[in-house]
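# Structure assessment
Single-letter residue listing:
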Amino acid sequence: MKNKRIIDTLILIFIFLLLVAFPLDRFISDPLLLKGLEIILRVIGIIVVSTVLSQSKTILNNKDNITIKPILVLAPTFIICFTNLIYLAVEHIDFNIAVNKTFFLDVLFHLTTAILEELIFRKVLFDNIEIKHPLKKIVLLSLIFSGCHLINFLSTLDPSHLLEVAYTFGTGIVMGFLYYYSHSIGITILFHFLYNLMNSVIFGFANISSFTYVYYIVCAIITVIVTINILLFYKNKASKKPC
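This is a predicted model, so every value here is computed, not measured. Numbers given to residues run from 1 along each chain, matching the order in which its sequence is written. Thresholds applied to this predicted model are a pLDDT of at least 70 for local features of residues and 80 or more for the giving and counting of side-chain atom pairs; totals over whole chains, interfaces and linings are not thresholded and use all residues. In computing side-chain properties, one takes all heavy atoms of the structure into account and sets aside hydrogens as well as water.

## Description of the packing of helix α2 (residues 31–55) against helix α5 (residues 101–128)
A fitted line through C-alpha atoms represents every axis, and for helices the fit uses only the stretch in contact; the resulting angles, taken between N-to-C directions, go from 0 to 180 degrees. Starting at the N terminus, helices and strands are each numbered in turn, a helix being any DSSP run of H or I of at least four residues and a strand any DSSP run of E of at least two. Where α2 contacts α5, the two axes come as close as 9 Å, and the packing angle between them is 25°. Relative to α5, the element α2 is oriented roughly parallel. As for how α2 packs across α5, the hand of that crossing is left-handed. Of the residues contributing to the contact of α2 with α5, the split by class is 14 nonpolar, five polar and five charged. What sets the label is the angle itself: under 35 degrees gives roughly parallel, over 145 gives roughly antiparallel, 65 to 115 gives roughly perpendicular, and the rest give oblique. Whether a crossing is left-handed or right-handed is set by the direction in which the near helix is turned from the far one by less than a right angle, anticlockwise for left-handed and clockwise for right-handed. In this count, Pro and Cys sit with the nonpolar residues alongside Ala, Val, Leu, Ile, Met, Phe, Trp and Tyr, while Asp, Glu, Lys and Arg are called charged and the others, Gly among them, polar.

## Remarks on unusual backbone geometry
Excluding glycine, most residues fall at negative phi; most peptide bonds, likewise, are trans. For His92, which is not glycine, the phi torsion reads 55° and is therefore positive. Within the secondary structure, His92 sits in the loop between α4 (83–90) and α5. Accessible area is worked out with a 1.4 Å probe on protein chains only. A residue is then buried under 20% of its type maximum, exposed over 50%, and partly exposed in between. On the basis of relative accessibility, which here comes to 70%, the residue His92 falls in the exposed class.

## Details of the nonpolar core
Grouping buried Ala, Val, Leu, Ile, Met, Phe, Trp, Tyr and Cys residues that are joined through side-chain atoms within 4.5 Å yields what is termed a nonpolar core. With 56 residues, the main nonpolar core has Val49, Ile120 and Phe191 as its most contacted residues. Secondary structure elements with two or more residues in this core: α1 (2–21), α2, α4, α5, α6 (134–148), α8 (160–182), α9 (185–202) and α10 (213–239). Apart from residues no more than four positions distant in its own chain, Phe191 is found in contact with Thr77, Phe78, Ile80, Cys81, Val174, Met175 and Leu178. One finds Leu19, Leu24, Ile28 and Leu41 within the second-largest nonpolar core, a separate group that totals five residues. Two residues qualify as a contact provided that any one of their heavy atoms is within 4.5 Å of a heavy atom in the partner residue.

## Observations concerning the side chain of Asp127
Within the secondary structure layout, Asp127 lies in helix α5. Each polar contact in these results corresponds to two N or O atoms within 3.5 Å; when the atoms are within protein, one needs to be able to donate a hydrogen and the other to accept it, and residues that are neighboring in sequence are counted only if both atoms are side-chain atoms. Side-chain polar atoms of Asp127 contact the side chain of Tyr179, separated by 2.9 Å.

## Remarks on a nonpolar patch on the surface
Patches were defined on residues exceeding 30% relative accessible area and lacking a salt bridge, with like-charge contacts within 9 Å and nonpolar side-chain contacts (Val, Leu, Ile, Met, Phe, Trp, Tyr) within 5 Å. Note on areas: Shrake-Rupley, 1.4 Å probe, and residue coverage restricted to the protein chains presented here. Whenever Lys or Arg places a side-chain nitrogen within 4 Å of a carboxyl oxygen from Asp or Glu, that contact is recorded as a salt bridge. Nonpolar side chains collect at one region of the surface, where Phe14, Leu18, Phe22 and Phe27 lie side by side and expose about 480 Å² of accessible area between them. Of note, Phe22 is situated in the loop between α1 and α2. In this structure Phe22 comes out as partly exposed when scored by relative accessible area, which is 43%.

## Here's the deal with α5
Here α5 spans 39 Å end to end across 28 residues, near enough to the 40 Å set by a 1.5 Å rise per residue. In terms of residue burial, α5 counts as a mostly covered element, since 20 of its 28 residues are buried. Helix span, as expected, comes to 1.5 Å for every residue beyond the first.

## Looking at the pattern of salt bridges
In total, this model carries two salt bridges according to the counting rule given. With a shortest N-O distance of 3.4 Å, Asp106 and Lys35 are connected by a salt bridge. Placement of Asp106 in helix α5 and of Lys35 in helix α2 is noted, with a sequence separation of 71 residues between them. On the accessibility criterion, Asp106 (18% relative accessible area) is buried.

## So, the confidence of the model for the chain
When the pLDDT values of the chain are averaged, the result is 82; 88% of them are 70 or greater. As a per-residue measure, pLDDT reflects the predictor's confidence and takes values from 0 up to 100. The least confident element of the chain is α1, whose mean pLDDT is 70; the most confident is α9, at 91.

Right, here's the structure in full:
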């Protein structure tokens, strides 16, 4: 049974990697059509993973049992989602959101991406990897989560995607804590979607040619705030466990 669960889990990961890494841009030049097909692939992935979760006798599918208190305590972690917008506010940089077909497709793209990735990395992997220590499990899955984003670098050889690998490890840690302590996949989907939407789509409307040192200061401050929040929460939880 255990080996069957591992095989089924690996199959789902393979399906995920195939769907998100397929180089559609090499065959399609129209940006709207390309984005539409990428969304369709992610919807297919969501349907496949959801179907397997509901019907599989080997892969665990724990039902959401939402715990409100940890969600409220860990709420400050959501400030990460607005890092770039905070930078814009500090630097008084204007931006105008163009609500058009591309905007709606981008929103839908990031929503379907968040749902698919959270189903895979939190609902499937987190629930089925047999590691009792929560911190070790969170760190391991964050490494896997960030490692899968190497696909973007390998497919484009763009060095900027290496930075993506680094920050997805950090966000993976945050989402791991959110999922473990809130017992809700919906919370991590919301975090994931907001992070991508605000730091990619909305931030993309700002007229920025280069970042100033202020950007890195803002990122550092927010990172420290979130890290302290998570460590204090984890320490508090650990101290309350019976000996």
